[in-house]
Amino acid sequence: PDIPPPPAAWPVSPHAPVVVFLTACDEEATIASVVARIPRRIGERGVFVLVVDDGSVDATPGLAEGAGAFVVPQPHRLGQGAALRRGLTESRHWGPAAVVWLGAGGEYRPEDVVPVVRPVLDGAADGRSGTPPRGGGPGARLDPPPPDT
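Residues numbered from 1 in each chain as written. Predicted model: local features only at pLDDT ≥ 70, side-chain atom pairs only at ≥ 80, totals over all residues. Heavy atoms only, no water.

Asks: Even after reading the chapter, I still don't get the pairing of strand E3 (residues 45–53), so can you show me in this structure?
Replies: In summary, the side chains of a regular strand alternate between the two faces of the sheet. With 7 of 9 residues buried, E3 lies mostly within the body of the structure. In this structure, strand E1 (residues 18–24) lies alongside E3, joined through 7 bridges in parallel fashion. Opposite Val-19, over in E3, you have Phe-48 as the bridge partner. Looking at chain direction, strand E2 (residues 41–42) and E3 are connected through 2 bridges and run antiparallel. When the bridges of E3 are listed, Arg-41 appears paired with Gly-46. Between E2 and the antiparallel strand that follows it, E3, lie 2 residues; Gly-43 among them carries a positive phi value of about 65°. (Buried < 20%, exposed > 50% of the residue type's maximum accessible area, 1.4 Å probe, protein only. Helix = DSSP H or I, 4+ residues; strand = E, 2+ residues; numbered from the N terminus. Pairing = 2+ DSSP bridges.)

Structure (structure tokens):
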């Protein structure tokens, strides 16, 4: 059977930001560094950094805020899935051109946000996902999929 064409893209303002959100729970050892290393501009677009704090009992929320993130607390620990859903929901408030999700523990290099999101901003892709390479640990580079996927 023939596959129907994809729907037309929603119009996005050329001034719409990119939202990078992190889900965090007790990440005081890494959160400030990760937030500080997220680029604040991608091309002409500003980058808004959001941290969904999933019930941390350490200094994670204050450190994230001090590093420049907007922090949204969960009412108590609800788990990674709930934090992810909250981050996606909260991201919509800024009318973003793209949304990027990162872990707060340093699993990924925040600098890699740019090459992962660029094809979406340029209209060459509807979405992208990156994974750390095998054996990657804290600070692993994201390996974005090939451009034609």
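Now that the structure is up, let's keep going.
Asks: Help me out: how do you make sense of the packing of aromatic side chains in this one?
Replies: The final tally for this structure, using the stated rule, is 3 aromatic pairs. A centroid spacing of 6.1 Å and a plane angle of 45° characterise the contact between Phe-48 and Phe-70, whose relative ring orientation is tilted. With Phe-48 in strand E3 and Phe-70 in strand E4 (residues 70–73), the pair connects residues that are 22 residues apart, well separated along the chain. Exposure remark for Phe-48: the relative accessible area of 23% places this residue in the partly exposed category. The exposure class assigned to Phe-70 is partly exposed, which follows from its relative accessible area of 42%. For the pair Phe-70 and Trp-94, a centre-to-centre distance of 5.9 Å together with 70° between the ring planes defines the contact as edge-to-face. With Phe-70 in strand E4 and Trp-94 in the loop between helix H3 (80–91) and strand E5 (98–103), this pair connects stretches of sequence that are 24 residues apart. (Phe/Tyr/Trp six-rings, centres within 6.5 Å; stacked < 30°, edge-to-face > 60°.)

Asks: What's the story with the pattern of salt bridges in this structure? I'm lost.
Replies: Two side chains with opposite charge may pair up if their charged atoms get near one another. Scanning all chains against the criterion turns up 4 salt bridges. Between Glu-111 and Arg-37 there is a salt bridge, with its nearest N and O atoms 2.9 Å apart. Here Glu-111 is found in the loop between E5 and helix H4 (113–121), whereas its partner Arg-37 is found in helix H1 (residues 31–37), with 74 residues between them in sequence. Classification of Glu-111 by relative accessible area gives partly exposed; the value is 32%. (Salt bridge = Lys/Arg side-chain N within 4 Å of Asp/Glu carboxyl O.)

Asks: How should I be thinking about the environment of Val-117 in this particular structure?
Replies: Within the fold, Val-117 resides in helix H4. On a C-alpha basis, the gap between Val-117 and Arg-128 in space is 7.0 Å, while along the polypeptide they are 11 residues apart. If we skip the residues at most four places from it in the chain, Val-117 touches Ile-42, Ala-98 and Val-100. (Contact = heavy atoms within 4.5 Å.)

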